[in-house]
Structures are given as structure tokens and as C-alpha cells.
Amino acid sequence: SNKKIEYLGLDNNQKLLDFANKKFKEDHPNFKIKNTDLIESLLNDNDCIKSNDFNVVVSFGVFHHIPSFDLRLKLLNYLKSKITYDGIIIISLWQFMDYERFRKKVSKKPKFENLELEDNDFILDWKRGEKAYRYCHLIDDEEQKKLIKESSLELIESFRADGKEKDVNKYLILKKV
């Protein structure tokens, strides 16, 4: 296809952004990346993406790190505002609690002051050479349906893939109603 593809990638990890820039920029002149704290942008109603005409918006490895249903819904609505009338949104939902290897990482007594956890919120002890805690939220089928309904999106397709088991992430393909 001769269609011009433009790519905009967002992350708040500069090392990952530098890696992506080094790997893709030279061969893809329409490749742009931006260091953005998505949670901060949502909390402050900061429009970190100025364009509203994307055909496809992809969010992989993000939703399970967004604290609170309200912020997850706000993110989904924000992504919806960025696609064209016939555009699609593809998101991944990490299904970590389906696997013993991840359930073992759930911290029994996280020691964080003023931490208010919702149902299906977990603190995982990631232990990659040092003690490192990671907030993760499990979006179950009930919450998935609620997010889709309240954002007025339509589920086109859902499937599972990735990881050793080849189904650690649930993928949702959504469109405007």
C-alpha cells in the first residue's frame, strides 16, 4: 500500500522512548514519540495529543496501571475523542490473576500510606534484582462491559494472546457507536 502512515507513540519512560526512536526513526520519517505522563494528563485534563483524526489508536500495557475506574473510563473516553468517526481503538487488558506465576507476586501487606485500593487493585512485588512494587488493576469481564457501555463504544472483537501461555492479555477492538 502507498498510504502514508503517521505514528505517534506516548510513554513516560525516556529509556523506552530513546530505544524506540533509535530503532524506528531512521526508516520511518513519520514516526514521532512524546514523553508524557498519561495519568497526570488525565488528572489535569491536559490534552497531550492535539490531533483528533486518528484511524487507529492502540493502548497496550496501560489500562492495568491506571488507578480508579473513573480514570480508566476517562482514558477510554479520551482515546475515543482522538479517533475519526470510523476509527477504532485497540486496548490490551492484562489478565495476570489467571496465572499462578503472577498471583505469587501479589504483596500481602503493601506498606504505602494513604493508599486506597478498589476491588481488583493489587500491589505486585516485582523483585527484578531488587524489591520493586508495581500497582496493577485487573479489569474483569464485568468492568470491561461497564467501561464499554459508559464510554458509548461498541466491541467489535475480543481475543487473547501473549506470554508463555499465549493468552495473558485480552485484546479489545472497539469503535464509536
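Residues numbered from 1 in each chain as written. Predicted model: local features only at pLDDT ≥ 70, side-chain atom pairs only at ≥ 80, totals over all residues. Heavy atoms only, no water.

Section: the pattern of salt bridges
Throughout the structure, instances matching the rule amount to eight salt bridges. Across the pair lysine 74 and aspartate 45 runs a salt bridge whose closest N-O atoms are separated by 2.4 Å. Residue lysine 74 is found in helix α3 (residues 69-81), and its partner aspartate 45 is found in the loop between α2 (38-43) and β3 (54-59); the two are separated by 29 residues along the sequence. The class of lysine 74 is partly exposed, set by a relative accessible area of 31%. For glutamate 143, the salt bridge is made with arginine 72, and the minimal N-O distance between the two is 2.7 Å. Pair noted here: glutamate 143 is in helix α5 (residues 141-150) and arginine 72 is in helix α3, with a separation of 71 residues, a long-range link. Glutamate 143 gets classed as buried once you look at its relative accessible area, which sits at 10%. (Salt bridge = Lys/Arg side-chain N within 4 Å of Asp/Glu carboxyl O. Helix = DSSP H or I, 4+ residues; strand = E, 2+ residues; numbered from the N terminus. Buried < 20%, exposed > 50% of the residue type's maximum accessible area, 1.4 Å probe, protein only.)

Some remarks on the confidence of the model for the protein
Summary statistics for the protein give a mean pLDDT of 89 and a share of 94% for residues scoring 70 or more. Across the protein, element-level confidence peaks in α5 with a mean pLDDT of 98 and bottoms out in strand β1 (residues 7-11) with 88. (pLDDT = per-residue confidence, 0-100.)

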